[in-house]
Amino acid sequence: PSNLIKNKMSYTKCKEDPIYFYENCFDKPLNLTTSQKILIDSIINKSKLIIKHDKKRESTTAFAILAIWIITFYKDYNIGIIVHKNPHTIIGIINSILETRNIKYIPEILNKTKQTISFKNGSFISSRTVNKNEPEGAFRGQDLDMLFIDEPYEIENIEKAFNYLFYNLNFNVINNFK
């Protein structure tokens, strides 16, 4: 087949499968563990809300790869991340992947801060902490298509924040990416 057809087939396959995207569209992919692949598949097939209970970096890395895949192939997609401290840490992991890997199809980055990365296709990935005095303030006024809560048991007043954030989740977006 011609290069154009090969490129179209590659794009389609990358859009359909985040693991294929990672393994074939990153110039220096790390080897994903079986548990990372299972985590990515389960999120893609079931959820807009991800609650991470472990302290393992491998699940954070899997989420970072998934977030990059989503913003690459879905325009105007907003991903919110709630952490108990250092909201720049997970954005730093995503940023590091974006800066150190030559990734095919990635949309242009419009703006980058310690807490948010905005893309030309209208998508963003943003991380926040929950203010214990105003838990409903995290992501106030922003519609989210996906919410990732990192170690909720460490976050004071997470229940109040979640009750507010739940209504900001856009369930009109197809819940299953495939």
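Structure report, in brief. (Residues numbered from 1 in each chain as written. Predicted model: local features only at pLDDT ≥ 70, side-chain atom pairs only at ≥ 80, totals over all residues. Heavy atoms only, no water.)

## Comments concerning the pairing of strand 5 (residues 124-129)
The side chains of a regular strand alternate, first on one face of the sheet and then on the other.
Then step 1. Where strand 2 (residues 78-83) meets strand 5, six bridges bridge the pair, whose relative direction is parallel. Bridge pairing links Ile-82 to Arg-128 in strand 5.
Then step 2. Of the pairings in the sheet, the one linking strand 4 (residues 116-119) to strand 5 comprises three bridges and is antiparallel in character. Bridging across to strand 5, Ile-117 finds its partner in Ile-125. (Pairing = 2+ DSSP bridges. Helix = DSSP H or I, 4+ residues; strand = E, 2+ residues; numbered from the N terminus.)

## A few points about the state of the cysteines
Then step 1. Per the stated rule, a full pass over the model turns up one disulfide.
Then step 2. Each sulfur in the disulfide pair Cys-14 and Cys-25 lies 2.4 Å from the other. Measuring handedness by torsion sign, the sulfur bridge of Cys-14 and Cys-25 sits at about 50° and is right-handed. Taken together, the residues Cys-14 in helix 1 (residues 3-16) and Cys-25 in helix 2 (residues 18-25) connect sequence positions eleven residues apart.
Then step 3. The exposure class of Cys-14 is buried, given its relative accessible area of 0%.
Then step 4. Since its relative accessible area comes to 2%, Cys-25 is described here as buried. (Disulfide = S-S within 2.5 Å. Buried < 20%, exposed > 50% of the residue type's maximum accessible area, 1.4 Å probe, protein only.)

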